[in-house]
Number of protein chains: 2
Amino acid sequence: MTFAELPEDPLNRFRFPVDEWRLVETRPSTSDLGVTESLFAVGNGYLGMRGNPEEGRDAHTHGTYINGFHETWPISHAEAAYGLATTGQTIVNAPDTKIMKIYVDDEPLIISIADLVEYERILDFRDGILYRDLVWRTPSGKRVRVRTTRMVSFTDRHLAVMTVELTMLRGSAPVVISSQILNRQDLSDEYRTSEAVPGVGFDPRQASAFEHRVLEPALQWRTPRRMTLGYRCANSRMTIAVGADHELVTDNPYEVRYSLEQDLAKQVFRITAQEGVPVRLTKTVAYHTSRSVPVAELSDRVRRTLDRVRVDGVEKVHAAQRAWLDEYWERSDVRIERQPHLQQATRWCLFHLAQAAARADQHGIAAKGVTGSGYEGHYFWDTEIYVVPFLAYTNPVMARNALRFRVSLLDAARRRAAEMSLRGALYPWRTINGEEASAYYAAGTAQYHIDGDIAFALCTYAEVTGDREFMLNDGVLVLIETARMWADLGFWRNNGEPEFHIHGVTGPDEYTTVVNNNLFTNLMARANLRSAAAVVRELRERNPRRYAEICADLELDEQEVEDWERCADGMVIPFDETLGIHPQAEHFLDRELWDLDNTPADKRPLLLHYHPLVIYRFQVLKQADVVLALFLHGDEFTPEEKRADFEYYDPITTGDSSLSAVVQSIMAAEVGYPGLALHYFREGLFVDLIDLHGNAADGVHIASAGGVWNVLTHGFGGLRNRSGVITFDPRLPVQWEALEFPLQVRSTRFVVRVEQESISFAHVEGPEVEVVVRGTAVTVAPGDPVVVPLDGHGRRDTWRPSVASLVGDQRADGSRLRAEVPPHAGAWHAPFGD
Amino acid sequence: MTFAELPEDPLNRFRFPVDEWRLVETRPSTSDLGVTESLFAVGNGYLGMRGNPEEGRDAHTHGTYINGFHETWPISHAEAAYGLATTGQTIVNAPDTKIMKIYVDDEPLIISIADLVEYERILDFRDGILYRDLVWRTPSGKRVRVRTTRMVSFTDRHLAVMTVELTMLRGSAPVVISSQILNRQDLSDEYRTSEAVPGVGFDPRQASAFEHRVLEPALQWRTPRRMTLGYRCANSRMTIAVGADHELVTDNPYEVRYSLEQDLAKQVFRITAQEGVPVRLTKTVAYHTSRSVPVAELSDRVRRTLDRVRVDGVEKVHAAQRAWLDEYWERSDVRIERQPHLQQATRWCLFHLAQAAARADQHGIAAKGVTGSGYEGHYFWDTEIYVVPFLAYTNPVMARNALRFRVSLLDAARRRAAEMSLRGALYPWRTINGEEASAYYAAGTAQYHIDGDIAFALCTYAEVTGDREFMLNDGVLVLIETARMWADLGFWRNNGEPEFHIHGVTGPDEYTTVVNNNLFTNLMARANLRSAAAVVRELRERNPRRYAEICADLELDEQEVEDWERCADGMVIPFDETLGIHPQAEHFLDRELWDLDNTPADKRPLLLHYHPLVIYRFQVLKQADVVLALFLHGDEFTPEEKRADFEYYDPITTGDSSLSAVVQSIMAAEVGYPGLALHYFREGLFVDLIDLHGNAADGVHIASAGGVWNVLTHGFGGLRNRSGVITFDPRLPVQWEALEFPLQVRSTRFVVRVEQESISFAHVEGPEVEVVVRGTAVTVAPGDPVVVPLDGHGRRDTWRPSVASLVGDQRADGSRLRAEVPPHAGAWHAPFGD
């Protein structure tokens, strides 16, 4: 499969018809169970449930996840060394409340073998409910309609509501509905079976299986209407209580049986179902978790959550969900006019962003949200670079929560810095509880840029929202301690004049590790140092008392702040005069070029087929690195440099990381490759919907979903934040008529509409605000939209030179040059469906 | 502790008196049990027994090791990646036959609590026997003399002989001697307890404990005089049989009891011992092991070994041992006149070299020989670089065996190269069975120089011994496949003219990993490529048939051989014009200098106190790297370059590896720092005797022992092999009167004697041979020694500039320069006895 082979609309539309507000599946399949479990997952950022069928059978992973609810385990290193991560952290598969098994004439409903007359599974982005509607011709020839719904509440994060509506359409029959809470997390085998990487035998992207029983039973309790189970994690000592209420409404006669065991609570409804007489079962469940609160108290909280719903009724919960989403869409929806297939996929991404971030509250936003155990439920830089900007412009409260979470980890980051013989704070590359959990330092701890990423997100949030109070109270602490880290990590060298160098780091590209002066890292560090100095100065000015307090607490003085500025000013930024490009790191261009053209498809992604030492000695990228810097720090580069850098790196970027395509799309749009920009946009947009990376079964790629919003607003909309000044230089694809998206800047909300000939701004609420379109200031104020005419959407090239011709014989003599990388040869990977 | 504090004679001479031919301990101690177990170990390169007391109690590690007898286990990586080593290999602690417990009046003899009137433990280098002689005042006031001997035979590698001679000196008493074969290898806890690194909690230099039962019982068998146990390793399926014969001679009445269990065979002698009537028990034991032969057959082999001794008598075994050692010393002894303390330590090293190498036969020579489980019994480059040269000049058969072992691993090395996406063969960095066992690639697999080291040893052996037959039949295969690996690993770059670069490798210094164009590696690769080409050409000339056969087998053609020469000629050799030194690797000099001066003693060795990422970003060395290249490829450097390189690297070399001191000693002698040369010589000489690295308990540092011979002959004797021409340029320490050592060159043996005013050569046997003294040819022939007058021993400086002054402000501005490393600040570590 090559570049050209990603179709304009890659989904199988017979099975998944186009629908702008819903993801609809019209026939079930066991061939991609894991993928559709992720696609149809429901969650609210705290509680997530995979799209498993209510009957419980036929699953890739029966998954219920609670953000931050994790077990710890000692990491065993094959060869130990000082300071390697020691505490593994893995999200726990929480007790499963999704199960409502259905039997008709004592025959179980099992989707994969049932004779289905009708079938539809629908995830509705407007009401936040997963629907399933089917008609089953039973083995004895009867027909029964089964409608189910499943909802995880955005307004009450502990709450989920499920319903089953069952009607015998033809014939009467004894019907059984067995509603359960099942603790199955110890059945660890299933985690190991990936659909993704046949024949490879390992996949570092998956969660590891536990070798011990994780959830120790601590409580079992029931009343005729309610059942509750409680557990404590064996190592982490985290606690959980899960309860379920039931309400059966029917005119059919029925009886109820109960059973309560350590790992299984059941409420079994035995119904004598008459033809045409419906049965409706409502199951309300609540999950409460804690780091330390006893299970008995959590059980009380469960009771209170369930009592409230019992009083208010499920309809109120459904209505609140709809209202919450109405506001979410008003703040967040991006409209691509007359592109319904792209519109649907875009909304699916935005809906999953809500599901990942809405109620993360005091937790982080995991790489897979709460849709799967991929990457063990860890938080990475994905949050700060790919998700927080979206939240800052649309849902500032969520952005603030995500950043407050990092503030809460500051002490742990200080301890980690000390372990790494550094001053200040070093955030872990991956973590749940704040401790470094990356067991492979070269592509983990060495990514010191995490500190700069967090600082970048803090500044973006504060500049876009104008929330100086958060910055000056809490954010400043993070900026100070991360700036300290950089000042200590780097050192001065004298090349003619003193330069500040940062050695032994890994940038975003994980196919190039432990290098000196990684461009991305140095730029992020420079910005971090400068913003720390600026914010400290602002604090001294605006709140001398708080300033004095911080100086005393952190032993900070003006001398140190000046030192940060000197480090920033002296920061070395590698540039190659001959090629006119920025090397990804010092000496990166000395490396041999990887021959991507002659790397067969079955050797992709590279990380699963080549020893790290092999990959590391070549010029080959897992993901955008310099190109990400071009985006995040665009003002540090001339347009010519951006174009040259993009042209150099794009063909040697494999895209083996899902974080790559969206960034390449934005920069392709900016530097003038609109076709490529659209291609990469589709790669990001459909990464899970067509399982482009072969691991959608492990959960939804939340960063890529955030990247999709970034492509639409920043790539095609041309949005940039320049130290609080909001600017636009649109790049609307020639195939599109209009693109529309709302933004909140400070306390002003407005809608941006990009068309081929103009960009316009429609004020929604708040005081007037100034934005800049291609250098011209535009005031957005109440009243009619301001329309700014455009003369096109930037330079548009379709041809790009190959790396080989750029390289010429400065780089290698012809006889040994391995790679003549053609354009786009590196852009494809893990094809879906062939 | 600083440089000056390593005393001239650092041993505690009250406890270990000077004795030129023996290591003598005059009082026992439990404070350094593990160290003395290693120091007093006996072995023959196949079978080794630590110096545990016969009574079995009070041990750091009860150790019996058989070269190559190992268990395998799956290496579990905290984060998996393609091609990481998967099969762990760990030497097995074999069933213990050393145990002969002694009871008098039913009171056990336990050295640590016994009231000892006399005590001596002696390892005699001339007869190869470990003696212990003590008089015990028993709790009831009686006195008994106990004399024991323990010997592992150099002439029959499966055989060990132990004796107990016991006499009641005052009083009569019931005496019991319980002689055992005890399988205790599953008691893995004891392996974890290191005396070495208190408070650190891990030490990558130690063997890991097994988590499963390793030796599965397969045979138990006994007769009245003999008992045998047999086992099979659970995973590796290797087999072992161990048998013991007993002979009791006494005029006292006695009876014998037997017991035979799966893990314990006992023969218990109950003696009514009369005052003055001696008891003599002789225990003869045999060990046979195999990769696949059934235990029953091994048991037959045990029987045959024991039967032969029963017929011949133990005296004959002792005599053969003495005769073998007489020849060994004639071939290998190095005499330092009038320096008895150095003489003793030197002979201890040479004796342990015999014990490590003599009967390794088809196995490798492990880092710890057969004296401990340190480094899991693995074979490293230590053999080729530190031991084979010694063997080639003194005991060519042993050198040939060691190299034949590498030939036997060629297929495994080919498979490993394929895994690493390389042509040819890549030898594992550490292994027992030929598979890579290094679980940490950065300081393991990345040391590709292992291929060059093996090629170097092959060429050294062939040039010194003249054994072209081995080279042209077997060695050539290794040279071809290793040359192929280099040609594929490197690549051509065009810097003005085409250069051959090798990226992503680790040199000998493990504090600097995964770098480009490591000087040592590139020099070893170049020599490897050239010698491969030369030997293939020689073969074509001398044995066209074999040449044709190899060309067909290996798809080799003249084109490829020419390509090797082109790669060698184009090989880039980094050099810094400003400093006039060779960077250890490209861009090494860009790094920050480690502040060794301000690194406290309790932070040494660095690897146990700093994260690898911290260590790796500094200029700081674990061990000689460029300096080793200066020694091995001296003709590639001018004298000025050698001196400048040595002066640059020596102060930033921590010596945290025991492989460092001996190399620094040789080069210090050559470039004119005689005081430093002697200091480093003593560091190497006493590394185990005073436990300089804190891990002598894990076994004897065999490479360092080999290095001691290298310092004496090459460092002070000034010996070099220049493509088969043997040259001398001595550097006798001014404190020494004379140094004398035998050499064999081709089939000629002669003795070299270096004095302050002359060097002389005394022919021993074989045809006349030419050597070169400082450019002048000297013929060594039968008759009187040839005496060549010398005008001193090279340049002699005592002052050295610090790195900081060398570096100047080309390197860093004053305000940020961390290190002003004083001379020798890096030379000390892990002090003993304070």
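These figures come from a predicted structure and were not determined experimentally.

> Before we move on, could you go through the pattern of salt bridges and cite the residues and values that matter?
Under the definition given, this model contains 146 salt bridges over all chains. Where arginine 157 of chain A meets aspartate 361 of chain A, a salt bridge forms, and the shortest distance between an N and an O atom there is 3.5 Å. Separated by 204 residues along the polypeptide, arginine 157 of chain A in the loop between β11 (143-152) and β12 (159-170) and aspartate 361 of chain A in the loop between α5 (340-357) and α6 (382-394) bring together distant segments of the chain. Of the residues examined, aspartate 361 of chain A reaches a relative accessible area of 16% and is grouped as buried. The closest approach of N and O atoms between arginine 643 of chain B and glutamate 647 of chain B, which form a salt bridge, is 3.5 Å. With a gap of four residues between them, arginine 643 of chain B and glutamate 647 of chain B both fall in helix α16 (residues 639-649), about one helical turn apart. Residue arginine 643 of chain B is classed as buried on the basis of its relative accessible area of 11%. Three or more residues are tied together by salt bridges with common partners; here these are Asp411, Arg414, Arg423, Glu481, Arg484 and Glu560 of chain A.

> Run through the pairing of strand β9 (residues 115-124) of chain A, naming residues and quoting values.
When a strand is regular, its side chains alternate between the sheet's two faces. All names here are of chain A. Direction of pairing for strand β1 (residues 22-25) relative to β9: antiparallel, over a ladder of four bridges. Across the sheet, residue leucine 23 finds its bridge partner in β9, namely leucine 123. When β9 meets strand β10 (residues 129-137), the two strands line up antiparallel, connected through nine bridges. Considered in β10, the bridge of leucine 116 is made with tryptophan 136.

> Tell me about the packing of aromatic side chains, and name the residues and values.
Residues and elements named next belong to chain B. Within the structure shown, the criterion is met by 55 aromatic pairs over all chains. Judged by centre distance (5.4 Å) and plane angle (75°), the rings of tyrosine 328 and tryptophan 329 are edge-to-face. Seen from their ring centres, phenylalanine 681 and tryptophan 736 are 5.8 Å apart, and the 70° between their planes marks the pair as edge-to-face. Pair noted here: phenylalanine 681 is in helix α18 (residues 674-685) and tryptophan 736 is in the loop between β26 (725-728) and β27 (738-745), with a separation of 55 residues, a long-range link.

> Lay out the packing of α18 of chain B against helix α19 (residues 702-716) of chain B with the relevant residues and their values.
Residues and elements named next belong to chain B. Here α18 crosses α19 at 155°, and the two axes come no closer than 9 Å. In terms of orientation, α18 and α19 fall into the roughly antiparallel class. Considering how the two elements wind past one another, α18 and α19 form a crossing that is left-handed. Note on element contacts: α19 touches α18 through Ser704, Val708, Val711, Leu712 and Phe716, opposite Ala677, Leu678, Phe681, Gly684 and Leu685.

> Which residues make up helix α3 (residues 295-312) of chain A, and what are the values?
Residue and element names in this part refer to chain A. Here α3 is 18 residues long and its end C-alpha atoms lie 26 Å apart, about the 26 Å a rise of 1.5 Å per residue gives. Along α3, the positions that sit buried rather than exposed are Val295, Leu298, Ser299, Val302, Thr305, Leu306 and Val309. For α3, the arc enclosing every buried residue in end-on projection is 120°, short of the 170-degree limit, so these residues lie on one face. In this structure, the buried residues of α3 make contact with β12, β14 (215-222), β15 (226-233), β16 (239-250), β19 (279-290) and α4 (314-332).

> Before we move on, can you summarise the sheet that holds strand β3 (residues 47-49) of chain A with the specific residues and values?
Read from one edge of the open sheet, three strands run β2-β3-β4 (chain A), paired in antiparallel fashion. A single partner strand is all that each edge strand has here, and the edge strands are β2 (42-43) and β4 (64-66) of chain A.

> Describe the relation of the copies chain A and chain B, and please don't skip the residues or the numbers.
Mapping between the two copies of the chain is achieved by a rotation about an axis and a shift along the axis. Between the two copies, chain A and chain B, the superposition gives an RMSD of 0.0 Å; the rotation angle is 180° and the shift along the axis is 0.0 Å. On the angle and the small slide along the axis, the relation comes out as a two-fold axis. No C-alpha of chain A lies nearer the rotation axis than that of histidine 77 of chain A, which sits 3.1 Å from it. Interface overlap between copies: 100% of the residues of chain A at the interface are likewise at the interface in chain B, consistent with a symmetric, same-surface contact.

> Hey, could you go over the confidence of the model for chain A for me, with residue numbers and the actual values?
All names here are of chain A. Looking at chain A, the pLDDT average stands at 92 and 92% of residues meet or exceed 70. Predicted confidence is poor over residues 188-200, with pLDDT under 50, and the contacts of this stretch with residues over four places away or in other chains come to 34 contacts. Predicted confidence is poor over residues 801-834, with pLDDT under 50, and the contacts of this stretch with residues over four places away or in other chains come to 96 contacts. Under the prediction, the complex receives an ipTM of 0.91, its pTM being 0.92.

> Describe the sheet that holds strand β29 (residues 758-765) of chain A, naming the residues involved and giving the relevant values.
All names here are of chain A. Spatially, five strands are ordered β20-β27-β28-β29-β32 in an open sheet, and the strand pairing comes out antiparallel. If you trace the sheet from one side to the other, it starts and ends with β20 (335-336) and β32 (786-789), each paired once. Summarising the sheet, strand β28 (residues 748-755) and β29 pair through six bridges and their orientation is antiparallel. Bridge assignment links arginine 749 to a residue of β29, and that residue is glutamate 765.

> Quick rundown of the interface of chain A and chain B? Include the residues and the values.
Between chain A and chain B, the contact holds 60 residues from the first and 61 residues from the second. Carbon and sulfur atoms supply 56% of the area that chain A and chain B bury against each other, a total of about 5,100 Å² over both sides. Contact with chain B buries surface across chain A, with Tyr82, Leu613 and Arg617 of chain A losing the most and accounting together for 14% of the total. At the surface where chain A touches chain B, the tally comes to two salt bridges. Here aspartate 590 of chain B and arginine 493 of chain A are joined by a salt bridge, their closest N and O atoms 3.5 Å apart. Taken together, the links from chain A to chain B amount to five residue pairs in polar contact (both at pLDDT 80 or more). Across the side of chain A that touches chain B, the residue classes break down as 31 nonpolar, 14 polar and 15 charged.

> Please provide a residue-by-residue account of the nonpolar core, values included.
Judged by nonpolar contacts, the single largest core of 500 residues is most densely connected at Trp564, Phe728 and Phe761 of chain A together with Trp564, Phe681, Phe728 and Phe761 of chain B. Beyond its immediate sequence surroundings of up to four residues, phenylalanine 761 of chain B is in contact with Phe728, Phe750, Val751, Val752, Val771, Val773, Val778, Val780, Pro785, Val786 and Val788 of chain B.

> Now, about the packing of helix α9 (residues 449-465) of chain B against helix α11 (residues 519-542) of chain B: what can you tell me, with residues and values included?
A pair of packed helices is captured by two measures, namely the crossing angle of their axes and the spacing between those axes. All names here are of chain B. Contact geometry for α9 and α11: axes closest at 8 Å, N-to-C directions at 50°. Classed by the angle they form, the pair α9 and α11 counts as oblique. Between α9 and α11 the crossing geometry is left-handed. Listed contacts from α11 to His449, Asp451, Gly452, Asp453, Ala455, Phe456 and Cys459 of α9 are Phe520, Thr521, Met524, Asn528 and Ser531. Grouping the constituent residues of the contact of α9 with α11 by class yields five nonpolar, five polar and two charged.

> Run through the environment of tryptophan 348 of chain B, naming residues and quoting values.
Residues and elements named next belong to chain B. By the secondary structure assignment, tryptophan 348 is in helix α5 (residues 340-357). Taking C-alpha positions, tryptophan 348 is 9.0 Å from leucine 689, a pair spaced 341 residues apart along the chain. Excluding anything up to four places from it in sequence, tryptophan 348 contacts Leu23, Leu39, Leu123, Phe125, Asp688, Leu689 and Val700.

Cut-offs and rules
- The numbers attached to residues start from 1 for each chain and follow its sequence in the written order.
- To read the labels, note that chains go from A and ligands from 1, taken in the order they are written.
- Since the coordinates come from a predicted model, pLDDT governs what is reported: local features require at least 70, and pairs of side-chain atoms require 80 or more to be given and counted, while whole-chain, interface and lining totals use all residues.
- Water and hydrogen atoms were dropped before computing side-chain values, which therefore reflect all heavy atoms in the structure.
- The salt bridge criterion pairs a side-chain nitrogen of Lys or Arg with a carboxyl oxygen of Asp or Glu, the two atoms within 4 Å.
- Numbering of helices and strands starts at the N terminus; helices are DSSP runs of H or I of at least 4 residues and strands are runs of E of at least 2.
- Burial status follows relative accessibility: with a 1.4 Å probe on protein chains alone, a residue under 20% of its type maximum counts as buried, one over 50% as exposed, and anything between as partly exposed.
- Strand pairing follows a simple DSSP-based rule, namely that at least 2 bridges must link the two strands.
- Working definition: rings of Phe, Tyr and Trp (its six-membered ring) pair if their centres are within 6.5 Å, and the pair is stacked with planes under 30 degrees apart, edge-to-face with planes over 60 apart, and tilted otherwise.
- Note on method: axes are straight lines fitted to C-alpha atoms, helices fitted across the in-contact stretch only, with angles between N-to-C directions ranging 0 to 180 degrees.
- Just so you know how the angles are binned, under 35 degrees is roughly parallel, over 145 roughly antiparallel, 65 to 115 roughly perpendicular, and the rest oblique.
- Put simply, a crossing is left-handed when the front helix is turned counterclockwise from the back one by less than a right angle, and right-handed when it is turned clockwise.
- The criterion used for residue contact is that any of the two residues' heavy atoms lie within 4.5 Å.
- Expected helix span is taken as 1.5 Å per residue step, with the number of steps being one fewer than the number of residues.
- Of all possible arcs, the one meant is that of the directions from the helix axis to the C-beta atoms.
- Overlaid copies result from least-squares superposition on C-alpha atoms, with residues included only where pLDDT is at least 70 in both.
- As a per-residue measure, pLDDT reflects the predictor's confidence and takes values from 0 up to 100.
- When two parts are brought into contact, each loses some accessible area as probed by a 1.4 Å sphere; the total of that loss over both is the buried area.
- Polar contacts, as used here, are pairs of N or O atoms within 3.5 Å; protein pairs need one atom able to donate a hydrogen and one able to accept it. Residues neighboring in sequence count only if both atoms are side-chain atoms.
- Residues are grouped as follows: Ala, Val, Leu, Ile, Met, Phe, Trp, Tyr, Cys and Pro are nonpolar; Asp, Glu, Lys and Arg are charged; every other residue, Gly included, is polar.
- Residues belong to one nonpolar core when they are buried, are Ala, Val, Leu, Ile, Met, Phe, Trp, Tyr or Cys, and are joined through side-chain atoms within 4.5 Å.

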